[in-house]
Amino acid sequence: MNAIVVLGALHHDVVVDAPRMPELDETLPGARVDYRFGGKGGNQALAAARMGAQVAMAGRVGRDGAAETIRAAMDEAGVEHSLVLETDVPTGMSVAITLPSGEYGAVIVPGANLENDGNISWREPPLAGLLQNEIPEAANLAFASRLPPDSLLIANAAPARRLPVGLAERIDVLIVNLVEAKGLTGHNNPETALTALAGMVRGAVVLTRGAKGAILLENGQMTHHPAISAKVVSTHGAGDMFTGALAARITAGDLLQSAVRFAQAAAGLFVSSPISLRPRVTHAAVEAFLARR
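Residues numbered from 1 in each chain as written. Predicted model: local features only at pLDDT ≥ 70, side-chain atom pairs only at ≥ 80, totals over all residues. Heavy atoms only, no water.

Our next topic: the packing of helix α1 (residues 40–50) against helix α7 (residues 238–251). One can describe the packing of α1 onto α7 by two numbers: an axis separation of 7 Å at closest approach and a directional angle of 50°. The orientation of α1 with respect to α7, classified from their angle, is oblique. In this structure, α1 meets α7 at a crossing whose hand is right-handed. Between α1 and α7, the residues in contact are Lys40, Asn43, Gln44, Ala47 and Ala48 and Asp240, Met241, Thr243, Gly244 and Ala248, respectively. (Axes fitted to C-alpha atoms, helices over the stretch in contact; angles between N-to-C directions. Helix = DSSP H or I, 4+ residues; strand = E, 2+ residues; numbered from the N terminus. Parallel < 35°, antiparallel > 145°, perpendicular 65-115°, else oblique. Left-handed = near helix turned anticlockwise from the far one by under 90°. Contact = heavy atoms within 4.5 Å.)

Have a look at this one:
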């Protein structure tokens, strides 16, 4: 049995380092280019697997070379991918610009991801389903409706879009950042937005604030979790690492507060690691990172 089934997007990412974001109609020289496995669904699946969970990915790819690269990355991380199906539409991709500060901006071309319908027949029920917003809303709704009642539904509302009532009522853990929380509620204040979100879903809400830490609202109790100090190399993918690590620890039996702390450490180690060493951010590495603090 897979502990977690991830429904979401798979992308072939092109990442360019630049001194700053270009102005309109401006061409800037970049420092380097990198080609990476991506998509929020794919990234979260890899993160959860590296944190020790049994993970299956449910997605769509094209019949192209990018799809083969994506499958190889999932094999390397131990993610089962028989639910990743081929379509006649090219594999999704994104182009990201990263700055010396570690901040970034990206453009996504969904491609085959828009063919995902979320219809999965379960041989054995997973402990949890995990989804995001880079595939059609109808796919998430179909996935949630087919998820067995005893399975947790963990949702990362990224990128921000409306939260359908039929989906919200099934969510056991909702994960958002400040931008997403404001987009969903219209509130700038984190605690006000968190309270509003908790009124939408049936379970808990985790609001991440980067260097300012995270806030958890569970069973009416709000707790603040300070960030774990780390020297940032790049923030690209931090949210996906946090989400994947959180899902892994919840399905391993951790209480949500403990899972949040572990996920913060995983994200902290991830953003402070050189890109080439990020596959080494595993459960054991995060435990050691936490022990040093």
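And the narrative resumes.
All right, on to the sheet that holds strand β5 (residues 80–86) then. One open sheet holds the nine strands; their spatial order is β5-β4-β1-β8-β9-β10-β11-β12-β13, and the pairing between them is mixed. Only two strands of the sheet have a single partner each, and these edge strands are β5 and β13 (221–225). Averaged over all neighbouring strand pairs, the angle between strand axes comes to 15°, with direction disregarded. Pairing of strand β1 (residues 4–7) with strand β8 (residues 128–131) involves four bridges; the strand directions are parallel. The residue bridging valine 6 from the neighbouring strand is leucine 130, located in β8. (Pairing = 2+ DSSP bridges.)

Counting residues in hydrophobic clusters, the biggest one holds 54 residues, and the most contacted among them are Ile4, Met51, Val55, Met74, Val79 and Leu246. Ranked by residues supplied to this core, first place goes to helix α8 (residues 256–271) with eleven residues. Val5, Ala9, Ala155 and Leu207 belong to the second-largest nonpolar core, a separate cluster that totals 31 residues. (Core = buried A, V, L, I, M, F, W, Y, C linked by side-chain atoms within 4.5 Å. Buried < 20%, exposed > 50% of the residue type's maximum accessible area, 1.4 Å probe, protein only.)

Take unusual backbone geometry next. With an omega of -10°, the peptide bond running from alanine 158 to proline 159 counts as cis. Mapped onto the elements, proline 159 comes out in the loop between β9 (152–156) and α4 (165–168). If you check the backbone angles, aspartate 25 has positive phi at about 65° while not being a glycine. Along the polypeptide, aspartate 25 turns up in the loop between β2 (11–17) and β3 (32–38). Of note in this structure, asparagine 219 is not a glycine but carries a positive phi near 55°. Its place among the elements puts asparagine 219 in the loop between β12 (214–218) and β13. Classification of asparagine 219 as exposed rests on a relative accessible area of 79%.

Moving on: the sheet that holds β3. Spatially, four strands are ordered β3-β2-β6-β7 in an open sheet, and the strand pairing comes out mixed. Lying at the two open borders of the sheet, with one neighbouring strand each, are β3 and β7 (104–109). Neighbour to neighbour, the strand axes of the sheet diverge by 20° on average, direction disregarded. Sheet topology note: the β2/strand β6 (residues 92–98) ladder contains seven bridges and is parallel. Opposite valine 14, over in β6, you have valine 95 as the bridge partner.

Looking now at the environment of arginine 60. Of note, arginine 60 is situated in strand β4 (residues 55–61). A sequence separation of 85 residues divides arginine 60 from serine 145, and the C-alpha atoms of the two residues are 20 Å apart. Beyond its immediate sequence surroundings of up to four residues, arginine 60 is in contact with Leu10, Leu83, Leu85, Thr87, Ala112, Asn113, Glu115, Asn116 and Asp117.

All right, on to helix α2 (residues 65–77) then. Compared with the 18 Å implied by 1.5 Å per residue over 13 residues, the 19 Å span of α2 between its first and last C-alpha is a close match. Residues of α2 that are buried: Ala66, Ala67, Ile70, Arg71, Ala73, Met74 and Ala77. End-on view of α2: buried residues confined to an arc of 160°, all on one side of the axis. α2 presents Gly65, Asp75 and Glu76 as exposed residues on the side facing more than 90 degrees away from its buried surface. Taken together, the buried residues of α2 touch β2, β3, α1, β4 and β5. (Expected span 1.5 Å × (residues − 1). Arc of directions from axis to C-beta.)

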